Amino acid sequence: MFSKTISRKSASLLTQVCWLAVVAAAVQLFTVIGLAQSTFGQFVGTVRDPSGAVIPGVMISVKNLGTSVTRTALADETGSYTVVNLEPGDYEITMEQPGFQKVTRTNLPLLARQTVRVDGVMPLLSQAQIVEVNVEAVAPIATEVSNIAETKLGRELIDLPVALGSRAAGSTSAFNTLTTQPGVEIDNSGQISVAGANVDMVSMSVDGISTTSARNSGPITELFPAFDGISEIRVSEINNTAEFGGISDVATITKGGGNQFHGGIFENHQNSAFAARNTFSATVPKIIMNDFGAFGGGPIRKDRTFFFVDYEGLRLPLQQVLVQSVPSLALRRGDLSVYRNQIRDVDGTPFPGNQIPVSRICPLSLGVMTSLFPLPNTAAPDAIANHYGVNFPTPITSNQAAVRVDHNITAKQSVFVRFTYKDRQNTRPPCNLCTFGINSPLNGSVLAGPVQRPENDWSLTGAHNWVINPQVVNEFRAGWTGFHQSTRLGILGS
């Protein structure tokens, strides 16, 4: 026999369970979880003697030339070695073994998610000398993986003409520069395709954390770091490993500091002094672009802690030519003779010649037509459509900043944290469907005023890398990315 009563303690416990279930459901409903991806690279290779025989037990030292962090490994019985979870950068590899000459290879570039083979031949120790090979900093040919990928470094991105063109169009994002990679296309709606894949088949990330929007499965295009804060952008098209979330992958890696202080300031300027006049405008639309910023990085504590900060601002007071229809001079006088259909009075009496006497026009309507509707300024005097042109102000401003701190706990443990924030104010021409959250391809009346599209983007990323031993490594990476965008309509008569 079961009791029909429930104690207060049990009721309280049930209430708590219910609330926890509600909270869990809400978190599941409104939270999108994206799996983090590694951005580290690795060196592999085989060490041999001059006869071609492998040399087991060789001590391999891999040194990051920027931060002086050194990792070591031993070649196995086949003379092969692997050093994993290395930050992108320039490296020096030293091979040492008793009875053989020391071999050093320097200026070895390692990109994100890249596996580079560096083999070595160690001469016998016939005399005390060191063999040093200075390699030019060029991207090596990847032979250890089968995927098709291409990387653009930060300097390349800055020098691309499309980088300046995107700023002149009102965006400080590196998103449009992706089209310089083979197989990458971006359509007019901002959807990206890599190697023919749909947008939801492409994974986008910054420092290994997804920047894909939960709204449309597309990238948050303005969430890219500033150009001077990007170390590299790697596009992996096909044959990716299982760790990537999509068939194709676009990975952006931010810059970190090193043992040397470095930095700079920049200013990109453009104006309409030499621009051609639009056919439908009496004057040249205004465009004065000022894109400016600063960046810098260096050591907080030599060989241990480093920083990198950057800022970029854009001031772009654009104007867009709008050609619209307003009441002609004849229509303002009640002359509707250009229309073929018979115009009739409220009682059905036709107006001769479609001429409406001024006395029959409501004074309020006359006042509205005089005060709110501008006079025609283009086309023929008797035209009734597309005879008003205006350079409509559509200014764009943005400010974005980022800070990154890297810390080497030991030679085998390192952490970093980065925060990026962007505030963008975008003014657009009036559109017919903006009230429904739809960007209409047709402009609305200039009387409705501009449409404000403020946007805020942010990204917080942290990672911990721990090489427990040559066979066991642990990488923890977490982040929080998002954006907020709203629409504010103009005011009648603005």
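Each remark here, short or long, concerns the structure printed above.
Since we're looking at a predicted model, the values are computed, not measured. (Residues numbered from 1 in each chain as written. Predicted model: local features only at pLDDT ≥ 70, side-chain atom pairs only at ≥ 80, totals over all residues. Heavy atoms only, no water.)

Details of the layout of surface pockets
Filter applied, for reference: Both site types are read off a 1 Å grid over the protein atoms alone. A 1.4 Å probe that fits but cannot get out defines a cavity, while an open set with protein on both sides within 12 Å along at least five of seven lines defines a pocket; lining residues have an atom within 4 Å of a point. Grid points are joined across faces, edges and corners, and a volume is the space filled by probe spheres set on the points. Segments assigned H or I by DSSP are reported as helices when at least four residues long, segments assigned E as strands when at least two residues long, and all are numbered from the N terminus.
Approximately 1,000 Å³ is the volume found for the second largest pocket. If you go around the second largest pocket, you meet 30 residues; those closest to its centre are Ser 189, Gly 190, Thr 221, Arg 428 and Gln 485. Elements supplying a minimum of two residues to the lining of the second largest pocket: β23 (413-428), β24 (451-469) and β25 (472-485). In terms of residue count, β23 provides more of the lining of the second largest pocket than any other element does, 3 residues in total.

Points about the pattern of salt bridges
Pairing between side chains of opposite charge can happen when the charged atoms of each approach one another. What counts, and what does not: By salt bridge we mean one thing: a side-chain nitrogen of Lys or Arg within 4 Å of a carboxyl oxygen of Asp or Glu. Each residue is placed in one exposure class: buried if its accessible area under a 1.4 Å probe, protein chains only, is under 20% of its type's maximum, exposed if it is over 50%, and partly exposed if it falls in between.
What the rule picks out here adds up to 11 salt bridges. Between Arg 167 and Asp 291 there is a salt bridge, with its nearest N and O atoms 2.9 Å apart. Of the two residues, Arg 167 is situated in helix α3 (residues 161-168) and Asp 291 in strand β18 (residues 288-301); the sequence distance between them amounts to 124 residues. Residue Asp 207 pairs with Arg 404 through a salt bridge whose shortest N-O separation is 3.7 Å. Residue Asp 207 is located in the loop between β13 (202-206) and β14 (209-210), and its partner Arg 404 is located in strand β22 (residues 396-408); the two are separated by 197 residues in the primary sequence. You'll find Asp 207 and Arg 404 in the same group, each marked buried. Through salt bridges with shared partners, a single network forms among Asp 207, Arg 404, Asp 406 and Arg 418.

What to know about the nonpolar core
Keep this limit in mind: In this text, buried Ala, Val, Leu, Ile, Met, Phe, Trp, Tyr and Cys residues form a nonpolar core when linked through side-chain atoms within 4.5 Å. We call two residues in contact whenever any of their non-hydrogen atoms come within 4.5 Å of each other.
Counting residues in each nonpolar core, the largest one holds 21 residues, and the members touching the most others are Phe 43, Tyr 81, Ile 93 and Met 95. Secondary-structure elements contributing two or more residues to this core are β1 (41-48), β2 (59-64), β4 (80-86), β5 (89-96) and β6 (102-110). Those residues in contact with Tyr 81 that sit more than four places away from it in its chain are Phe 43, Val 44, Gly 45, Thr 46, Val 47, Ile 60, Ala 75, Ile 93, Met 95 and Val 118. Counting 18 residues, the second largest nonpolar core, distinct from the first, contains Val 184, Val 202, Ile 230 and Val 235.

Description of the side chain of Glu 455
To keep it simple, the criterion reads: We count Lys and Arg on the positive side and Asp and Glu on the negative side, and we leave His and both chain ends out. Residues adjacent in sequence count toward polar contacts only when both atoms are side-chain atoms; beyond that, a polar contact is any pair of N or O atoms within 3.5 Å, and within protein one must be able to donate a hydrogen and the other to accept it.
Among the secondary structure elements, Glu 455 is positioned in strand β24. Of the side chains with opposite charge, Arg 424 lies nearest to the buried Glu 455, which makes no salt bridge, at 4.3 Å. Only 3.2 Å separates the side chain of Glu 455 from the side chain of Gln 485, close enough to count as a polar contact. When near neighbours in sequence (up to four residues on either side) are disregarded, Glu 455 contacts Glu 222, Lys 422, Asp 423, Arg 424, Phe 483, His 484 and Gln 485.

Digging into unusual backbone geometry
Of note in this structure, Asp 303 is not a glycine but carries a positive phi near 65 degrees. Structurally, the position occupied by Asp 303 is in the loop between β18 and β19 (305-316). Look at Asn 354: it is not a glycine, yet its phi comes out positive at around 55 degrees. Positionally, Asn 354 belongs in the loop between α4 (329-332) and α5 (363-372). You can call Asn 354 buried: its relative accessible area is 6%.

Things to note about empty space enclosed by the protein
Inspection of the entire model under this criterion finds 2 cavities of 30 Å³ or more. Estimates place the volume of the largest cavity at around 60 Å³. Lining the largest cavity are Pro 225, Gly 229, Thr 254, Lys 255, Phe 308, Asp 310, Ala 402, Val 403, Arg 404, Arg 418 and Thr 420. Every element with two or more residues in the lining of the largest cavity is listed here: β19, β22 and β23. The leading source of residues in the lining of the largest cavity is β22, at 3 residues. Looking at the second largest cavity, its volume works out to about 40 Å³.

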